[in-house]
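One-letter residues, chain by chain:
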Amino acid sequence: MQNTALLTVENLCVEIPTRRGILKPVDDVSLQIAPGEILGVVGESGAGKSMTGNAVIGLLDPPAHISGGQVLLNGKRVDNLPREQMRRVRGKQIGMVFQDPLTSLNPLLPIGDQLVETIQEHLPVSQREARDRAVAALDEVGIPAASSRIDSYPHEFSGGMRQRVVIALALCAEPDLVIADEPTTALDVSVQAQIISLLKKLCRERGTGVMLVTHDMGVIAEASDRVAVMYAGRLAEIGPVRQVLTDPQHPYTAGLMGSTPGASLGRRRLNQIPGTMPGLNAVPDGCAYHPRCPRAEAKCRAEPRPPVSGSASCWFPGEVKI
Amino acid sequence: MSALVKIAGLTRIFDVSKPWLNRLLERRPKAFLKAVSDVDLQIEERTVYALVGESGSGKSTIGKVVVGLLAPSEGSVEIEGVDLHRETDAAKVDHVRSDIQMIFQSPFASLNPRWKVRDIIAEPVAARGGDTKGLSERLLEQVGLAAGDADKFPHEFSGGQRQRICIARALASNPKLIVCDEPTSALDVSVQAQVLNLMSDLQEDLGLTYLFITHDLTVVQHMADTVGVLYLGRLVEEAPRDALFERARHPYTQMLFEAAPRIDAFGREVDPPKGEIPDPINPPSGCAFHPRCPLAIERCTRERPEMRQLGPARVACHMAEP
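A. Representation of the overall build of chain B in the model. The secondary structure content of chain B amounts to eleven helices and twelve strands. Taking 20 Å as the expected radius of gyration for a compact globule of 322 residues, we find that chain B reaches 21 Å, a close match to that expectation. Summarising its shape, the C-alpha atoms of chain B cover approximately 65 × 55 × 45 Å along the three principal directions. Residue burial in chain B is summarised as follows: out of 322 residues, 53% are buried. Across chain B, every contact between residues at least 6 apart in sequence was considered, and the portion connecting residues at least 24 apart equals 64%. With the model as given, the accessible surface of chain B reaches about 14,500 Å², and the carbon-plus-sulfur share is 49%. Where the 38 positive side-chain charges of chain B centre and where its 45 negative ones centre are 5 Å apart.

What follows is the structure in structure tokens.
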């Protein structure tokens, strides 16, 4: 596994020092992505899923910083690279697609200029060739009449088209890994289906690994090969998507599935998880989920927290069903 | 059962022209956007009517017209037999107004940050000079918060708790009809489940009628009794929930259902919908859906389909079959 993985994240910890103590938005997370694989990262707001993506691509806002563990891309460490070297890796080897396509494009530049700039930054090609590549990239993501649209400004595109431009921008330097942070959350369902199918197609054709960060279980089920469920900065469960969603081992995954309206058809009431996710300044001892868990025992409340054994980080895996 | 809300021939037009000097210099005509166009629907008492549609379909506009935040351009909205925009008897209008309340999408923007929760919740009653003693405390407990929370400010609550406060405020004047505009789309799934459960419980206990506006089909399937599907300001299909989810008759509804991510559809390869929602300022001729419709014939480009009763459903399509 070690040799074949495209991305290996080992025991990653991110810390934010504050006046009231150190917050740990990402706490001891390990995961791997193989070439051509889509790993879904799912969790509620504050679970640390975006933070994990940002840590991998080296875009943590100070004072947040990686405080432990390592990130290996194609077997080489990238988490401790100097700024300038990391800048070369970013874009060239790791592409990023953000949630809001309007804020991730420069409104004052035509999209062609933004693509050409990115291509020339990372690949040794002439201006003309870069432009040809830009047209090809736009064509590939399904923008109609790419050669005439290349000089349009971002505001001249619809939301779905803008997201396609952002994907073209992330892919134009042919990265090995793409981190897509809620790429379809701001889009309508019909456009969302288009973008998901585009991501899957590109990933399959090029062998690009994708880390798909989202809160939508439906998107995860349709798009990803494996899924990682995060809770309070920790990995609750990780495994093949079908197995995790149909036979969840961690009670949190089971609770999450039960509270998704589509999954509990015909029931008058949804299963609800009592309480809310703890704030980062008040993560409980032991298993972070124990105050909300129906199965919790004394062992869960005490340190050490349950290790990830099998697919779930739980002392009693598989004992809570939806 | 009798209809609480009767909407007939409702049309709402917005003037989206540029300022007059620009129009003069650029020789442009005035531009109008028909956000809602000739919508007929009735909402039975003690039922949940869900309006579904993508952005720009006019679902929120209908909600705003129903509560009286916008005036209809044509057509009428009658609530308990009173047309709020034409009725001249002030006492009748006043009486009906107190029966309508609204819950908005963002629980962050819809609570005044400078007011204490007690004042926020009591405002609908206080504004009419009613007795508010102990009211907020009672309502807070009814929506699952503590009476002691009345002395707090909105920023001390999480998103789900704030939405509960919004629900408590909506309940303060003992309304019959609550218009809910995307009440859970800003919430995480586990919190969404709590809020949806609370809303169904309140509906049963208090005999409420909901006009539920959302884009999330899974929520519709869970909550609604009757579903209306909107496309570009027109009602294209209306049916009881089970009939609609069993078999959608309008090609747009079918497309929407096909595109929505499903939690049990692992690795499903969807043929994503073609095209995007057209420009509502210059909508296509005839049936607005014809440029994207797989069934479209020449007649669809000329003639706008009327609503037809097909089995349990009402469908606006030339090609739909019962």
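B. Quick peek at the sheet that holds strand β6 (residues 94-97) of chain A. All names here are of chain A. With mixed pairing, the six strands of this open sheet are ordered in space as β6-β7-β8-β3-β9-β10. What marks the edges here is a single partner per strand, and that holds for β6 and β10 (234-240). Taken pair by pair, the neighbouring strands of this sheet meet at an average axis angle of 15°, ignoring direction. Where strand β3 (residues 38-42) lies against strand β8 (residues 209-214), five bridges are found, and the strand directions are parallel. Opposite I38, over in β8, you have V210 as the bridge partner.

C. Structural view of the sheet that holds strand β1 (residues 7-18) of chain A. Residues and elements named next belong to chain A. Read across the open sheet, the four strands follow the order β2-β1-β4-β5; overall the sheet is antiparallel. In this open sheet, the two strands that pair with only one neighbour each are β2 (21-33) and β5 (76-77). Looking at chain direction, β1 and β2 are connected through eight bridges and run antiparallel. Bridging from a neighbouring strand, T8 pairs with Q32 of β2. Contacts between helix α1 (residues 49-57) and the sheet are confined to β1, β2 and β4 (65-73), with β1 contributing the most and set at about 110° to the helix.

D. Representation of the pairing of strand β7 (residues 177-181) of chain A in the model. Residue and element names in this part refer to chain A. In terms of burial, β7 is a largely internal element, five of the five residues being buried. Residue alternation in β7 divides its side chains into two sets, L177, I179 and D181 and V178 and A180, and both sets are buried. Direction of pairing for β6 relative to β7: parallel, over a ladder of four bridges. Across the sheet, the residue bridging to M96 is I179, located in β7. Bridge count for β7 against β8 is five bridges, and the pairing is parallel. Opposite A180, over in β8, you have L212 as the bridge partner. For the segment spanning β7, helix α7 (residues 189-206) and β8, crossover handedness is right-handed.

E. Spotlight on the packing of aromatic side chains. For the structure on display, the rule yields seven aromatic pairs over all chains. With a centroid separation of 5.2 Å and 85° between ring planes, the pair formed by Y231 of chain B and F289 of chain B is classed as edge-to-face. In this pair, Y231 of chain B is assigned in strand β9 (residues 226-231) and F289 of chain B in the loop between α10 (251-259) and α11 (298-302), connecting sequence segments 58 residues apart. Every member of this aromatic cluster is reached through a ring pair, and the members are Y231, Y252 and Y289 of chain A. R295 of chain A extends its terminal NZ or CZ atom over the ring of F316 of chain A, reaching a point 4.1 Å from the ring centre.

F. Spatial organisation of the nonpolar core. If you look at the biggest cluster of nonpolar residues, it comprises 66 residues, and the most contacted ones within it are I167, M199 and F212 of chain B. A per-element tally of this core places helix α7 (residues 189-206) of chain B first, with seven residues. I16, I94, M257 and I273 of chain A belong to the second largest nonpolar core, which has 61 residues in total.

G. Representation of α7 of chain B within the structure. All names here are of chain B. For α7, spanning 18 residues, the distance from its first C-alpha to its last is 25 Å, which sits close to the expected 26 Å at 1.5 Å a residue. Of all 18 residues making up α7, 14 are buried, and the element is well covered by its neighbours. Positioned one or two residues after α7, G207 has a phi angle of 65°, which is positive.

H. Spotlight on the pattern of salt bridges. Summed over the entire model, instances satisfying the criterion amount to 27 salt bridges over all chains. A salt bridge links K24 of chain A to D27 of chain A; its shortest N-O distance comes to 3.8 Å. On the basis of relative accessible area, K24 of chain A is assigned to the partly exposed category, the value being 32%. Between R314 of chain B and E238 of chain B there is a salt bridge, with the nearest N and O atoms lying 3.1 Å from each other. Taken as a pair, R314 of chain B in strand β12 (residues 313-315) and E238 of chain B in strand β10 (residues 234-240) lie far apart in primary sequence, 76 residues in all. E238 of chain B shares its class with R314 of chain B; the two are buried. Here the salt bridges do not stand alone but share partners, grouping K24, D27, R234 and R305 of chain A into one network.

What counts, and at which threshold
Residues numbered from 1 in each chain as written. Chains lettered and ligands numbered in written order. Predicted model: local features only at pLDDT ≥ 70, side-chain atom pairs only at ≥ 80, totals over all residues. Heavy atoms only, no water. Helix = DSSP H or I, 4+ residues; strand = E, 2+ residues; numbered from the N terminus. Rg over C-alpha atoms; globule rule 2.2 N^0.38 Å. Buried < 20%, exposed > 50% of the residue type's maximum accessible area, 1.4 Å probe, protein only. Contact = heavy atoms within 4.5 Å. Areas by Shrake-Rupley, 256 points an atom, 1.4 Å probe, with all protein chains shown as cover. Lys, Arg positive; Asp, Glu negative; His and termini not counted. Charge placed at Lys NZ, Arg CZ, Asp CG, Glu CD. Pairing = 2+ DSSP bridges. Axes fitted to C-alpha atoms, helices over the stretch in contact; angles between N-to-C directions. Right-handed = clockwise from strand over helix to strand, strands pointing away. Phe/Tyr/Trp six-rings, centres within 6.5 Å; stacked < 30°, edge-to-face > 60°. Lys NZ or Arg CZ within 6 Å of the ring centre and 35° of its normal. Core = buried A, V, L, I, M, F, W, Y, C linked by side-chain atoms within 4.5 Å. Expected span 1.5 Å × (residues − 1). Salt bridge = Lys/Arg side-chain N within 4 Å of Asp/Glu carboxyl O.

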